[in-house]
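Okay, here's what each chain looks like letter by letter:
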Amino acid sequence: MIFISSFIILMIAPASLFIMGDKAKFEKSTYKKETANSYWKVRWDKGLNGEYLTVNELDKMKQHFKVLINIYLPNRRGGTSEIDVVLLHRTGIYVLESKNYSGWIFGREEDKKWCQSLPNGKKTFFYNPIKQNETHIRALQQALPDVDQSLFRSIIVFSERCELKKIQLQSLDIKVLKRNKLRNYLKMNKGKQLSVKEMETIYQQLKSYTNVPSQLRIRHIEEIRQRYKVK
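Quick look at the structure, then.

## So, a nonpolar patch on the surface
Then step 1. Together, Ile19, Trp40 and Trp44 line one region of the surface with nonpolar side chains, adding up to about 380 Å² of accessible area.
Then step 2. Residue position: isoleucine 19 is located in helix α1 (residues 2-27).

And the structure:
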């Protein structure tokens, strides 16, 4: 019995230490600061965890930046658009759509739906994230009418667990990449277009659209279900 107890302790201890360290890192993150979500809520929710890991990549940047997470903006249909992450960077305003998927991903910019193909042969089709982000950018431009529209850029961020296959793009202001390529992409962009003061001004303009009441979140989810006939 003593041997079994000692074995269990040896198995549990490393996992406990990992969780403690991971949780401590989470508590200090920009994601925690901006959303106030709990560690366990984010760890057990695939979508939220993808957002968290994306923002973690941004936290590694040396350049000054501001980030807003889960922004709910009014759209032209009279409903709301939920934007995963908005990055205010010296080279522009990046609207990030996070897709925490695995498998092979196929899609073209003009397609209505993209395809996820898993190793077991199962295929799942999902709404083109580029078109999804186009709606987000229009809502953002509507909320920021005095901001130069050429500053807005669309980035679709996929998990490192997937393989991007035959992703075809025509537009120069759209990028589809895996999460671990995000910082390098931002680093490669040249030219300063936003000052620190401008970033702060835009951040303050958008901040009131984050951390919205639960009723608004529920209503937004219902709008999506009705629009795309999701059960």
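From this point on, the discussion continues.
## A word on unusual backbone geometry
Then step 1. Of note in the backbone geometry, alanine 36 takes a positive phi value of approximately 65° without being a glycine.
Then step 2. Among the secondary structure elements, alanine 36 is positioned in the loop between α2 (30-35) and α3 (39-44).
Then step 3. Here lysine 166, not a glycine, exhibits a phi torsion of approximately 50°, which is positive.
Then step 4. By secondary structure assignment, the location of lysine 166 is in strand β8 (residues 162-168).

## Quick look at the environment of arginine 108
Then step 1. Mapping arginine 108 onto the fold places it in strand β4 (residues 103-108).
Then step 2. Residues arginine 108 and asparagine 128, 20 residues apart in the sequence, show an inter-C-alpha distance of 8.3 Å.
Then step 3. Once residues lying within four places of it in the same chain are set aside, the contact partners of arginine 108 are Trp114, Asn128 and Gln168.
Then step 4. Polar side-chain contacts of arginine 108 include one of 2.9 Å to the side chain of aspartate 111.

Thresholds, definitions, all that
Numbering of residues begins from 1 in every chain and follows the order in which that chain's sequence is written. Whole-chain, interface and lining totals are the exception, using all residues; otherwise, since this is a predicted model, local features are given only for residues with pLDDT of at least 70 and side-chain atom pairs are given and counted only at 80 or more. The side-chain figures draw on all heavy atoms in the structure; neither hydrogens nor water molecules are used. Patch definition: residues above 30% relative accessible area lacking any salt bridge, with like charges linked at up to 9 Å and the nonpolar side chains Val, Leu, Ile, Met, Phe, Trp and Tyr linked at up to 5 Å. Here the Shrake-Rupley method, with its probe set to 1.4 Å, supplies the accessible areas, and only the displayed protein chains count as covering residues. Any carboxyl oxygen of Asp or Glu within 4 Å of a side-chain nitrogen of Lys or Arg constitutes a salt bridge here. Under the DSSP-based scheme used, a helix requires at least four consecutive residues in state H or I and a strand at least two consecutive residues in state E, with every element numbered from the N terminus. Residues count as neighbours in contact if any of their non-hydrogen atoms are within 4.5 Å of one another. Any pair of N or O atoms that falls within 3.5 Å is considered a polar contact. Within protein, one atom must be able to donate a hydrogen and the other to accept it, and sequence-neighbouring residues count only if both atoms are side-chain atoms.

The quantities given are spatial measurements derived from coordinates; they are silent on function.
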